Amino acid sequence: MNRWNDIAIVLQDCQSGKILEKDYQPKIEEQFKLLGWSVYYGCIESKPELETANTSIYPDIVLKKEGRRVLPIELKRPTNRLKKKNERQLFSYMKQLELRVGLYIGEKIQLYYNAPDDDEAPHSVLSTRFEPESEEGILLCDLLSYEHFDSTTLENFCKLRLQKERYEKKIKVEFEQQFSPDNGVSFVKKLIKDYYSKECIDETILDKEIQKIVLSANYGSYQKHKGKAESKRYTKYTLNGSKPMYKRILVLEAMRLYIDKHPQATYEEIERIFNVKEMPGGYKVVRRLSEIQEGLEAGSLFGRFFIAPQQILTSGDGVKFAVSTQWEYHNFPVFISILKKLKWKVKEV
């Protein structure tokens, strides 16, 4: 069950009511109860004392599972604007508890990860405001559900998120350099020349023809001119009379429904049936979970998939796989056409 919408509405009310921090904490603890964390069984510790070498520190909340502390939470009033000192407080709790993941809750929710492979401060790998139907909020609830919570799984999720973020930054820097107004035209012409040079064509002929090509480069300017297609990004759809969903969620639920209806379907059958050639960057609708993990470790951008534990699907032959999150105007209609061939009803809201 999606608990996020109920949580978001409650915390939105707290923001509008200018609630004090001391009154905010019981509200937050109630939300964790919704996710299965029991006060009776000691799963929610309120301001426990942590002794350091010089003094004691008191996290606002620490979650426990099976007697072990698994997640510290830094809590600020819902009108607070996140400051560096708030982060430092949370990081000190993570360090003292020897945990790599921590949670900040104030005017928004942020999940932090302390990567073992660098000396930097913990990284924010997930952030969401209190908005119903927030995909990040729904994902967070899946990760923090008591029933499914596992520290190793949570750390692996954070690791994949951080690898994706690092790769995206790397690609952005490279694109800004290669496709700048100063370098872009010469870079593209060099690519064209390298491509045709494989055919052993005389370079003088190539140079002559390439000079006739008129190009311009201004990487990033497209964001100001995305056109009408962008206006449909937040359109919702229903599937067989379901509640309205965004494109990405609809695709995930459609794949889940297909597995439910065809429990014997092998991974290769699923991959063949849901073959959308228009996926960006050569991605597929589905990809084996093992390939995603290997790809991220190798520096490939295989992070654009639903990878929370409750979002991973399993085919009839036992292959665990993830569903792509990359759905826009150019490929979503193709996926819908596949659903219509299955006699499923998709309606735009």
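The structure this text deals with has already been given above.
Residues numbered from 1 in each chain as written. Predicted model: local features only at pLDDT ≥ 70, side-chain atom pairs only at ≥ 80, totals over all residues. Heavy atoms only, no water.

**Details of the sheet that holds strand β9 (residues 236–239)**
This is how it is decided: Paired strands are those between which DSSP finds at least two bridges. Elements are defined by DSSP. Helices are runs of H or I of four residues or more, strands are runs of E of two residues or more, and each kind is numbered from the N terminus.
Within the open sheet, the three strands sit side by side as β10-β9-β14. Their pairing is antiparallel. Edge positions in the sheet fall to β10 (245–246) and β14 (346–348), since each has one partner strand and no second. Of the pairings in the sheet, the one linking β9 to β14 comprises three bridges and is antiparallel in character. Of the residues in β14, the one forming a bridge with threonine 238 is lysine 347.

**Overview of the packing of helix α4 (residues 135–144) against helix α5 (residues 151–178)**
The condition that has to hold: Only the contacting stretch of a helix is used when fitting its axis, a line to C-alpha atoms as for every element, and angles between N-to-C directions run 0 to 180 degrees. Helix crossings fall into two classes, left-handed where the near helix is turned counterclockwise from the far one by less than a right angle and right-handed where it is turned clockwise. Note on contacts: a residue pair is in contact if any heavy atoms of the two residues lie within 4.5 Å.
In contact at an axis separation of 11 Å, α4 and α5 are set at 150° when each is read in the N-to-C sense. Here α4 and α5 pass one another in a crossing that is right-handed. Between α4, through Glu136, Leu139 and Leu143, and α5, the contact on the second element is made entirely by Leu154, Phe157 and Arg161.

**Observations concerning helix α2 (residues 21–34)**
Formally: Between the first and last residue of a helix there are one fewer steps than residues, each counted as 1.5 Å, and that sum is the expected span.
Given a rise of 1.5 Å per residue, 14 residues ought to cover 20 Å, and the 20 Å separating the end C-alpha atoms of α2 matches this to within 8%. Structurally, α2 contributes buried residues whose contacts are with α1 (4–16), β1 (44–46), β4 (61–65), β5 (68–75), β6 (101–105) and α4. Positive backbone phi, approximately 100°, marks glycine 36, located one or two places after α2.

**Things to note about the pattern of salt bridges**
For clarity, the threshold we go by: Throughout this description, the term salt bridge denotes a Lys or Arg side-chain nitrogen within 4 Å of a carboxyl oxygen of Asp or Glu. Under the scheme applied here, a residue whose accessible area is under 20% of the maximum for its type counts as buried, over 50% as exposed, and between as partly exposed, the area being computed with a 1.4 Å probe on protein chains only.
Tallying each qualifying case throughout the model produces 20 salt bridges. Glutamate 203 is paired through a salt bridge with lysine 193; the nearest N and O atoms lie 3.5 Å apart. Note that glutamate 203 is positioned in helix α7 (residues 203–210) and lysine 193 in helix α6 (residues 184–197), a separation of ten residues in sequence. Residue lysine 193 is classed as partly exposed on the basis of its relative accessible area of 21%.

**Overview of empty space enclosed by the protein**
As a reminder of what qualifies: Cavities and pockets are found on a 1 Å grid laid over the protein atoms alone: a cavity is a set of points where a 1.4 Å probe fits but cannot escape, a pocket is an open set with protein on both sides within 12 Å along at least five of seven lines, and a lining residue has an atom within 4 Å of such a point. Grid points are joined across faces, edges and corners, and a volume is the space filled by probe spheres set on the points. Classes in brief: Ala, Val, Leu, Ile, Met, Phe, Trp, Tyr, Cys and Pro nonpolar; Asp, Glu, Lys and Arg charged; the others, Gly included, polar.
The tally for this structure, following the rule as stated, stands at three cavities of 30 Å³ or more. Roughly 120 Å³ of internal volume is contained in the largest cavity. Forming the boundary of the largest cavity are 13 residues, of which Ile7, Phe32, Leu35, Ile105 and Ile109 lie nearest the centre. Put simply, the parts of the chain that give the lining of the largest cavity at least two residues each are α1, α2, β6 and α4. Taken together, the residues of the lining of the largest cavity sort by class into twelve nonpolar, one polar and no charged.

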